[in-house]
Amino acid sequence: IEFLRMMAKRHSTPIQRLAELATHPDTLVRAAVARNSKSPIDVLWSLVNDKNSEVKQGLIKNESCPLELLWALRNDPDQTVSTDARRELDKFNIQ
């Protein structure tokens, strides 16, 4: 598992492999894909409804996260996720 987490973090990991890792049962593997700025947009969107808040927090921390994805997370049932998404949107003066 540790090797897969490392692969999910690396910017040199092929896009197809990141897409596969985004569906891995391990939360920390999915969270690493979510934080990876090289993850394709469609992979990031596939994680927006992840059941684990740590994965969604990874999306918010991703510097390549699209504003539309943050907008979708602003009303997440997890209050920490929604608060952090709103805080990130505030940096762009988007409410």
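Our structure is the block above this text.
Residues numbered from 1 in each chain as written. Predicted model: local features only at pLDDT ≥ 70, side-chain atom pairs only at ≥ 80, totals over all residues. Heavy atoms only, no water.

Visitor: How do you make sense of the pattern of salt bridges when you look at a structure like this?
Guide: Counted according to the given criterion, the structure contains 7 salt bridges. The partner of arginine 17 in a salt bridge is glutamate 20, and the shortest N-O contact between them spans 2.9 Å. On the criterion of helical spacing, the pair formed by arginine 17 and glutamate 20 is a turn pair, its members being 3 residues apart in helix H2 (residues 15-21). Relative accessible area serves as the criterion here: at 27%, arginine 17 is assigned to the partly exposed category. Residues aspartate 84 and arginine 87 are paired through a salt bridge, measuring 2.9 Å at the closest nitrogen-oxygen approach. Remark: arginine 87 and aspartate 84 occur in helix H7 (residues 79-90); sequence separation between them is 3 residues, near one turn of the helix. On the basis of relative accessible area, arginine 87 is assigned to the partly exposed category, the value being 48%. One continuous salt-bridge network, built from bridges that share partners, spans Glu2, Arg5 and Asp26. (Salt bridge = Lys/Arg side-chain N within 4 Å of Asp/Glu carboxyl O. Helix = DSSP H or I, 4+ residues; strand = E, 2+ residues; numbered from the N terminus. Buried < 20%, exposed > 50% of the residue type's maximum accessible area, 1.4 Å probe, protein only.)

Visitor: When you look at the packing of helix H3 (residues 27-35) against helix H5 (residues 53-61) in this model, what are you seeing that I'm missing?
Guide: Two quantities define a packed helix pair, namely the angle between the axes and the distance from one axis to the other. Packing of H3 against H5 brings their axes to within 7 Å, and their N-to-C directions diverge by 15°. It follows that H3 is roughly parallel to H5 by the angle criterion. H3 and H5 meet at a crossing whose hand is right-handed. Listed contacts from H5 to Thr27, Leu28, Arg30, Ala31, Ala34 and Arg35 of H3 are Glu54, Val55, Gly58 and Leu59. For the contact of H3 with H5, the class distribution of residues is 5 nonpolar, 2 polar and 3 charged. (Axes fitted to C-alpha atoms, helices over the stretch in contact; angles between N-to-C directions. Parallel < 35°, antiparallel > 145°, perpendicular 65-115°, else oblique. Left-handed = near helix turned anticlockwise from the far one by under 90°. Contact = heavy atoms within 4.5 Å. Nonpolar A, V, L, I, M, F, W, Y, C, P; charged D, E, K, R; others polar.)

Visitor: Would you mind showing me how to read the packing of H5 against H7 here?
Guide: Contact geometry for H5 and H7: axes closest at 10 Å, N-to-C directions at 5°. By the angle class used here, H5 and H7 are roughly parallel. Residues Ser53, Lys56, Gln57 and Ile60 of H5 touch H7, and the partners they reach there are Thr80, Val81, Asp84, Ala85 and Glu88. By residue class, the composition of the contact of H5 with H7 is 3 nonpolar, 3 polar and 3 charged.

Visitor: Please clarify how the packing of aromatic side chains should be interpreted in this entry.
Guide: Each aromatic ring pair is characterised by the separation of its centres together with the angle its planes make. Under the definition given, this model contains 0 aromatic pairs. Directly above the aromatic system of tryptophan 71 lies the positively charged group of arginine 74, at a separation of 3.6 Å from the ring centroid. (Phe/Tyr/Trp six-rings, centres within 6.5 Å; stacked < 30°, edge-to-face > 60°. Lys NZ or Arg CZ within 6 Å of the ring centre and 35° of its normal.)

Visitor: Explain the nonpolar core here, please?
Guide: A general trend in soluble globular proteins is that nonpolar side chains are found buried together. In terms of nonpolar packing, the biggest core is built from 25 residues, with Leu21, Val33, Leu47, Leu59, Leu69 and Leu73 touching the most fellow members. Taken together, the elements giving at least two residues each to this core come down to helix H1 (2-9), H2, H3, helix H4 (41-47), H5, helix H6 (67-73) and H7. No other element matches H3, which puts 5 residues into this core. In this structure, leucine 21 is in contact with Leu4, Met7, Ala8, Val29, Arg30 and Val33, ignoring residues within four places of it in sequence. (Core = buried A, V, L, I, M, F, W, Y, C linked by side-chain atoms within 4.5 Å.)

It is worth stressing that arrangement in space is one thing and function is another; only the former is reported here.
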